[in-house]
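Architecture and fold: a report
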Amino acid sequence: MNGAKELHQLFERWARETPHRPAVVTRGARLTYGTLEVRANRLARHLLHRGLGPGDTVAVCLSRLPDLLVAVVGVLKAGGAFAVVDPRQPTGEIGRWLELAEANTVLTYEQFRPGVDDGTGRRVVCLDADANLVDAHSPEPPSAPCGPTAAVLFTAGTTGRARPVDAAHRRLRAAYESWAEVFGLRPSDVHLVTAPTDTAAFTYGWIRALCSGGTLVLPESEIGPTLWGQSFAEGVTVLDTDPLTARLLLDRSAPPAGLRLVAVGGERLFLDEQVRLQGRMAPGARLLQVYGTVEVVGCGTWFETDQWSGPVAEAGQVSLLGRPFPGCRAEVRKGQIWLTPPGDPADADALPTGDAGTMGEDGLLRFAGRLAHRVTVRGRTVDPHRAEAALATHPEIRETAITVVDDDRLVAYVVPGTPTAAPGAETVRTHLAGVVPDPEIPVSVVNMGALPRNRAGKVDRRLLPLPAQRGAYGGKGGKGGGAPGHPEAALRVTGCAMLVVVLPLAALLTDVFWPGSTDLTHVPAPWSWLFRGLYLAELLAFCAGLAFLFAGRPLMRDQGRSADLTTAAHLGIVWLLVSWWPQDNLYRLAAKDDWERQAALVYAFNVPLMIAAAVVAVFVTRRPEPAATE
């Protein structure tokens, strides 16, 4: 690497040695290494002139692809860290990503300024409005100290809120070295990267291309024949993509003759599918499955079929993650996969991935599902991965995702293999019978044209639609009959039951639990009737709280907040309602100067009421979790 210490210095080497080689190619533009270097140098100097400090985070909110690459390289040259944020999303969402990245500078266009300039003093640099000022700077690279962080990447957020992850220069450099060794990267390579620009996968793709002296080809159209046509025209040799796009491209038509490597990341391929896609490629071409979380900059393990040394039982249900990249380590602790990132010392702590896995005797890591996808059904923990893997082998099913609905019903969301196929519950039960335990077999099936995915290409289970009607269902794992499918109906039914059963019982028991608390003998009219109304309201609130305890959670869960916040708010609302009945009765029996009892009542009722109200306020004001990027 000719003594390169920082990430952008790997790029600068090729700008010096091959200035006329194409660096970035889109359908509408083409930048050479020399041109990209000069534009990035001028932008870096302009950022420094505007006050950018070492390690400051710059949000890159640009829609034109060549400008985006100039921006990220320019930020690195200025000593900052970049975070790519899509400017075409709603203004409120842009602000949320800027806050997550803790960006104090934004690179954008004048048309997007209203969405990024929130009046908080954040520095905004518009490439179009400041074009003359940028071009006035020297084309020579600046001498600026770099902070430890090169990029702020974002987790996918499919199992919770997206989180920012600081990616250090040393870790990205070490990851590049590992990728270069395994992929066999060379300057003659032409890389087609299909990931959206605001995902971590895009960052990995351009680093592999530009730091190795290759050409980066970026699509500006939907995946389809146009993209493959662009690949043929540019002589693409490396395809960097996700499993869904790999299937669409490799199954649709013959790949370019020069395509020597396909790197698939994000979701996992099953072994039989990887073998099938490998067979679509030319002899000697490689198809690699790459596995690694954002915390390890996507560089964890890799697998290609050459690592597979013998027959694997049920290859359609096995996803092999392979062996660690050079400089990385992979291990399984109590069923969970842990990875040690590249560039960390040998004694560095490993990081949990949140994925379950096993390590085979052949040294190959096997994927066994996502821990966050496990659900509880009638008190039993169910891992849907086993059933999903088994259903993937059914000839009428292309994809499936299984989750719990109404807290007690497993539902399989199925993408049929052909437009005419529509697998039903009986088909699913028959296929899974004897393969997984009966309680893990879905009782309902929803056929879909496609599973909802986020911009990183991962299935987002939070966007799966609720079945239109719960209705009656039966069969193994099911039960006959059921409440109406809508949570509102369940809440109404439960509330009516509470009024019929609990209200009279509570009225009778008030004087049993708190003798004399409702005695109105010496209270004259009309005040006595007002107090009777108060007592009735307390009993109604108690019944409403109990009804909400048993049937309110599905309504709240549908609001899209996090599971922990939903649970806390659900219990908070219940407490706000049920506590009035015992609280007021106890207060009425306590003397004003009985300080011991008064203090006990305050801390037993009033303080929890304040906490419950605060939790509910947070629930109401917190934005629902959107589909996040990685």
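Our subject is the structure listed above.
Anyway, here's the lowdown on the structure attached to this text. (Residues numbered from 1 in each chain as written. Predicted model: local features only at pLDDT ≥ 70, side-chain atom pairs only at ≥ 80, totals over all residues. Heavy atoms only, no water.)

**Remarks on the sheet that holds strand β23 (residues 409-416)**
Strand order in the open sheet formed by three strands is β22-β23-β24, with mixed pairing between adjacent strands. Strands with a single pairing partner mark the edges of an open sheet, and in this sheet they are β22 (397-405) and β24 (444-447). With direction set aside, neighbouring strand axes in the sheet form an average angle of 25 degrees. Of the pairings in the sheet, the one linking β22 to β23 comprises eight bridges and is antiparallel in character. Across the sheet, Val404 pairs through a bridge with Leu410, a residue of β23. (Pairing = 2+ DSSP bridges. Helix = DSSP H or I, 4+ residues; strand = E, 2+ residues; numbered from the N terminus. Axes fitted to C-alpha atoms, helices over the stretch in contact; angles between N-to-C directions.)

**Brief notes about unusual backbone geometry**
One non-glycine residue, Glu102, lies in the positive phi region at around 55 degrees. For Glu102, the location among the structural elements is in the loop between α4 (91-101) and β5 (105-108).

**A few points about the pairing of strand β17 (residues 336-340)**
The buried fraction of β17 amounts to five of the five residues, a majority that puts the element mostly inside the structure. What you see with β17 is no split at all: Gln336, Trp338 and Thr340 on one side and Ile337 and Leu339 on the other are buried throughout. Relative to β17, strand β16 (residues 329-333) runs antiparallel, the two sharing five bridges. Bridged to Val332 within β17 is Ile337. Where β16 hands over to β17, the hairpin turn is made up of two residues, of which Lys334 adopts a positive phi near 50 degrees. Pairing analysis gives three bridges linking β17 to strand β18 (residues 351-359), with the strands arranged antiparallel. Across the sheet, residue Trp338 finds its bridge partner in β18, namely Pro352. (Buried < 20%, exposed > 50% of the residue type's maximum accessible area, 1.4 Å probe, protein only.)

**Some remarks on the side chain of Asp189**
Position of Asp189 relative to the elements: it lies in the loop between α7 (169-183) and β9 (190-193). Sequence-distant contacts of Asp189, that is, excluding residues within four places in its chain, are made with Arg21, Gly184, Gly214, Thr215, Thr237, Val238 and Arg260. (Contact = heavy atoms within 4.5 Å.)

**A closer look at the packing of helix α2 (residues 33-49) against helix α3 (residues 65-77)**
Axis separation between α2 and α3 bottoms out at 8 Å; the angle between their running directions is 55 degrees. Between α2 and α3, the angle falls in the class oblique. Note that α2 runs across α3; the crossing there is right-handed. Along its contact with α2, which presents Leu36, Glu37, Arg39, Ala40, Asn41, Leu43, Ala44 and Leu47, the element α3 presents Asp67, Leu69, Val70, Ala71, Val73, Gly74, Val75 and Lys77. (Parallel < 35°, antiparallel > 145°, perpendicular 65-115°, else oblique. Left-handed = near helix turned anticlockwise from the far one by under 90°.)

**Quick notes on the pattern of salt bridges**
Enumeration over the complete set of coordinates arrives at 29 salt bridges. With a shortest N-O distance of 3.1 Å, Arg333 and Glu331 are connected by a salt bridge. When its relative accessible area of 36% is taken as the criterion, Arg333 is described as partly exposed. Residue Arg386 pairs with Glu440 through a salt bridge whose shortest N-O separation is 2.4 Å. Within this pair, whereas Arg386 is found in helix α12 (residues 384-391), its partner Glu440 is found in the loop between α13 (425-432) and β24, the two being separated by 54 residues in sequence. Several salt bridges share partner residues, and in doing so they unite Arg247, Asp251, Glu273, Arg276, Glu399 and Arg453 into one network. (Salt bridge = Lys/Arg side-chain N within 4 Å of Asp/Glu carboxyl O.)

**Details of helix α19 (residues 595-621)**
When the terminal C-alpha atoms of α19 are compared, their 37 Å separation across 27 residues agrees well with the 39 Å that a helix rising 1.5 Å per residue should span. Within α19, the axis deviates most sharply at Val602, by approximately 35 degrees. Considered for burial, the residues of α19 that qualify are Gln598, Leu601, Phe605, Leu609, Ala612, Val616 and Phe619. (Expected span 1.5 Å × (residues − 1). Bend = angle between axes of the 7 residues up to and from the residue.)

**Some thoughts on the nonpolar core**
Ranked by internal contacts, the top residues of the largest apolar core, which has 71 residues, are Leu69, Phe183 and Trp206. Per-element tally for this core: the top contributor is α3, with nine residues. If near-sequence neighbours (up to four positions away) are discounted, Leu69 is found in contact with Val24, Leu36, Phe202, Trp206, Leu210, Leu216 and Leu218. Within the second largest apolar cluster, 17 residues are counted, among which are Val217, Ala246, Leu259 and Leu269. (Core = buried A, V, L, I, M, F, W, Y, C linked by side-chain atoms within 4.5 Å.)

**Things to note about the packing of aromatic side chains**
Enumeration over the complete set of coordinates arrives at eight aromatic pairs. Aromatic pair Tyr109 and Phe112: ring centres 6.2 Å apart, planes at 40 degrees, arrangement tilted. Judged by its relative accessible area of 1%, Tyr109 is buried. Assessed through its relative accessible area of 14%, Phe112 is described here as buried. In this arrangement the basic side chain of Arg13 is found over the ring face of Trp14, its NZ or CZ atom lying 4.2 Å from the centre. (Phe/Tyr/Trp six-rings, centres within 6.5 Å; stacked < 30°, edge-to-face > 60°. Lys NZ or Arg CZ within 6 Å of the ring centre and 35° of its normal.)

**Focus: the environment of Thr403**
Of note, Thr403 is situated in strand β22. In the structure, Thr403 is positioned 19 residues away from Pro384 in sequence and 7.1 Å away in space, judged by C-alpha atoms. Discounting chain neighbours no more than four positions away, the residues touching Thr403 are Val375, Arg409, Leu410, Val411, Tyr413 and Leu464.

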